[in-house]
Amino acid sequence: MKMDIDQENISKVKALKRMKSNALALLGVAVLLFIIAIYFKIPMLQAFSEAAMVGGIADWFAVVALFRHPMGIPIWHTAIIPTKKNEIGENLGNFVSEEFLDREKLEIKIEEFNFATKAADWLSEEENAGKIANLVVVNVIPGILRTIKDEDIKRFIQVQFKEKLEGINFGDWVALALEPLQKGNVKDELLTNLFEIISGELTNNKDLIRKKVKESTPFLSFGLADKSISEGIFNGLQDFLDEAKKSDSVIRAKIDEYVYNFLDKVKNSEEMRIKINNLILGFAGKKEVQDYVNGIWDEIKLSITNDLEKGDQSSIKNNVTSLVQTFGNGIKEDAVMIDKINTFIKIDLLSILLNNKKVIGDLISSTVKSWDGKEVSEKLELEIGKDLQYIRINGTLVGGVIGLIIYGVEQLYHYFIA
């Protein structure tokens, strides 16, 4: 974008220099014609060239006097723009606030323009939506990522994470999650499946049990007791699990009683709820968890950066494009929304502008006053100086023609009257 602006300014500078050269060359021609007229004693040509020189020089003076002192000489009422910058700013502010911010004129223009429909049509075009999306992914998002500090974001996430956890009653959550165990056959099925799994694992690890028993028995037993001990342990555990699988067993009844008492404490004991909350909050406060939370922002930022580097293949850009188009199409198809937007602009926004037109005028005035006079003069000359050179060209030509007319009138006077 900056490169495009620089290139445009370079083109304007070249065009301005070219027009200045043309105006100066025409003035040079007038001077040459004047010399020729004097040398060869050609009165008509002398009249033309004299007036052309006067017109060209006078208009050169007038044009230059707008932007700077002619030839650096501080002549009265020259360098008008830089020296009268404050007055120009004040007049411009008053002009805009009084002439442009007029309710009757603005209401007519708003009615004619139908801003909502035109804006919706513009937004629904894929090319325009792509321009907005490109602005977002090239300037807005990277600008935000550069501006914000990672430490601030991580601190914010940590604070939010902690506040959210502290605001949750995990005791209620645990009670709600375990409540189905008190109803129906869910608990019985769960316990039966659990005991089946434990029994299967016990059978699969029978050799491991024997090995552990052998390592634990006295060396002097010479392995005679290993087998009987391991078999006793294995069979005892297996009998316990087989008994626990029965729904009417004493073991199952004790488990039911324990589960019931635990759920009752979770639901009704404030002490138990505090213990559960403290347990979970203590786990969340561990360094590993904190490091994981801190890493969330790093992962998000890396994902965003990697996606933006994909250019036209960026998911973010494509989603923004689609969102803008959808928004535009949605407005186009919603007559009520179009009417609301136009009404808002016509009544509310317009009222805000009109109620603050003095503030707007003062803002324009103060902004212009804050500019550097020389810089303002150079920028204005760059923008309008090319066209102003036509004043010099026309002044030279028109001056020459007027000189001829005056010469002709003078000759007629001498011929017919004198």
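Heads up: the structure comes first, above all this text.
Residues numbered from 1 in each chain as written. Predicted model: local features only at pLDDT ≥ 70, side-chain atom pairs only at ≥ 80, totals over all residues. Heavy atoms only, no water.

A.B. asks: Tell me about the overall build of the protein, residues and numbers included.
C.D. replies: Counting its secondary structure elements, the protein contains 19 helices and zero strands. Relative to a compact globule of 418 residues, whose C-alpha radius of gyration would be 22 Å, the protein shows 46 Å and is clearly more extended. Taking the principal axes of its C-alpha atoms as reference, the protein extends roughly 160 × 55 × 40 Å. Counting only residues that meet the buried cut, the protein has 27% of its 418 residues in that class. Summarising the internal contacts of the protein: among those between residues at least 6 apart in sequence, 71% fall at separations of at least 24. (Helix = DSSP H or I, 4+ residues; strand = E, 2+ residues; numbered from the N terminus. Rg over C-alpha atoms; globule rule 2.2 N^0.38 Å. Buried < 20%, exposed > 50% of the residue type's maximum accessible area, 1.4 Å probe, protein only. Contact = heavy atoms within 4.5 Å.)

A.B. asks: Just give me the short version of a nonpolar patch on the surface, but keep the residues and values in it.
C.D. replies: Where nonpolar side chains cluster on the molecular surface, the patch consists of Leu32, Ile36, Tyr39, Phe40, Ile42, Met44 and Leu404 and spans about 700 Å² of accessible area. Top element by residues in the nonpolar patch is helix α1 (residues 2–40). It accounts for four residues. Among the secondary structure elements, leucine 32 is positioned in helix α1. (Patch = residues over 30% accessible without salt bridge, like charges linked within 9 Å, V, L, I, M, F, W, Y side chains within 5 Å. Areas by Shrake-Rupley, 256 points an atom, 1.4 Å probe, with all protein chains shown as cover. Salt bridge = Lys/Arg side-chain N within 4 Å of Asp/Glu carboxyl O.)

A.B. asks: Tell me about helix α14 (residues 270–284), and name the residues and values.
C.D. replies: Counted at 1.5 Å a residue, the expected span for α14 with its 15 residues is 21 Å, and the 21 Å between its end C-alpha atoms agrees. Burial in α14 covers these residues: Met272, Arg273, Ile276, Asn277 and Ala284. Within α14, the buried residues cover an arc of 135° as seen down the axis, which keeps them to one side. Projecting away from the buried face of α14 at angles above 90 degrees are the exposed residues Glu271 and Leu279. (Expected span 1.5 Å × (residues − 1). Arc of directions from axis to C-beta.)

A.B. asks: Account for the packing of helix α6 (residues 115–124) against helix α16 (residues 315–332), with residues named and values stated.
C.D. replies: Relative orientation and spacing of two packed helices are given, respectively, by the angle between their axes and the distance between those axes. Packing of α6 against α16 leaves a shortest axis separation of 7 Å and a crossing angle of 145°. Relative to α16, the crossing made by α6 is left-handed. Contact residues: Ala116, Ala120, Asp121, Leu123 and Ser124 in α6; Val324, Gln325, Phe327, Gly328, Asn329, Ile331 and Lys332 in α16. In terms of residue class, the contact of α6 with α16 is made up of six nonpolar, four polar and two charged. (Axes fitted to C-alpha atoms, helices over the stretch in contact; angles between N-to-C directions. Left-handed = near helix turned anticlockwise from the far one by under 90°. Nonpolar A, V, L, I, M, F, W, Y, C, P; charged D, E, K, R; others polar.)

A.B. asks: Any details on helix α2 (residues 43–67)? Residues and values, ideally.
C.D. replies: Between the first and last C-alpha of α2 there are 37 Å, a value that for 25 residues agrees with the 36 Å anticipated at 1.5 Å per step. All of the buried residues in α2 are Ala47, Ser49, Ala51, Ala52, Met53, Gly55, Gly56, Val63, Val64, Ala65 and Phe67.

A.B. asks: Give me the side chain of threonine 321: which residues, what numbers.
C.D. replies: Examined against the element boundaries, threonine 321 turns out to sit in helix α16. Here threonine 321 falls in the buried class, since its relative accessible area comes to 10%. A polar side-chain atom of threonine 321 sits 2.8 Å from the main-chain carbonyl oxygen of lysine 317. (Polar contact = N/O pair within 3.5 Å; in protein donor to acceptor, adjacent residues only side chain to side chain.)

A.B. asks: I'd like to hear about the side chain of glutamine 389, residue by residue, with values.
C.D. replies: When you line up the elements, glutamine 389 lands in helix α19 (residues 373–416). Judged by its relative accessible area of 2%, glutamine 389 falls in the buried class. Filtering out sequence-adjacent residues up to four positions away, glutamine 389 remains in contact with Leu16, Met19, Lys20, Ala23 and Val63.

A.B. asks: Residues and numbers for the environment of valine 289, please.
C.D. replies: Mapping valine 289 onto the fold places it in helix α15 (residues 287–308). Valine 289 gets classed as buried once you look at its relative accessible area, which sits at 15%. If sequence neighbours within four positions are ignored, valine 289 has contacts with Phe161, Phe283 and Ala284.

A.B. asks: Explain unusual backbone geometry to me, using residue names and the numbers behind them.
C.D. replies: Excluding glycine, residues mostly carry a negative phi; peptide bonds, for their part, are mostly trans. Phi at histidine 77 takes a positive value of approximately 60°, unusual for a residue other than glycine. Within the secondary structure layout, histidine 77 lies in the loop between α2 and α3 (80–83). Even without a glycine there, the phi angle at alanine 79 is positive, about 50°. Structurally, the position occupied by alanine 79 is in the loop between α2 and α3. Looking at alanine 79, the relative accessible area reads 4%, which means it is buried.

A.B. asks: Can you tell me about the pattern of salt bridges, naming the residues and giving the values?
C.D. replies: By the definition in use, this model includes 11 salt bridges. Of the charged contacts in the structure, one is a salt bridge between glutamate 383 and lysine 12, with a shortest N-O distance of 2.8 Å. You can see glutamate 383 sitting in helix α19 and its partner lysine 12 sitting in helix α1, a full 371 residues away along the chain. Salt-bridge contacts for arginine 155 lead to aspartate 152; the nearest nitrogen and oxygen are separated by 2.9 Å.

A.B. asks: Any details on the packing of aromatic side chains? Residues and values, ideally.
C.D. replies: For the structure on display, the rule yields one aromatic pair. Aromatic pair tyrosine 39 and phenylalanine 40: ring centres 4.9 Å apart, planes at 85°, arrangement edge-to-face. (Phe/Tyr/Trp six-rings, centres within 6.5 Å; stacked < 30°, edge-to-face > 60°.)

A.B. asks: Break down the packing of helix α4 (residues 85–100) against helix α18 (residues 357–370) for me, with residues and values.
C.D. replies: Where α4 meets α18, the closest approach of the two axes is 8 Å, and the angle between their N-to-C directions is 155°. As summarised for this structure, α4 and α18 are arranged roughly antiparallel, according to the angle between their axes. With respect to the hand of their crossing, α4 and α18 are arranged in right-handed fashion. Counting all contacts with α4, which are made through Lys85, Asn86, Gly89, Glu90, Leu92, Gly93, Val96, Ser97 and Glu98, the residues of α18 involved are Lys357, Gly361, Ile364, Ser365, Val368 and Lys369. (Parallel < 35°, antiparallel > 145°, perpendicular 65-115°, else oblique.)

It is worth stressing that arrangement in space is one thing and function is another; only the former is reported here.
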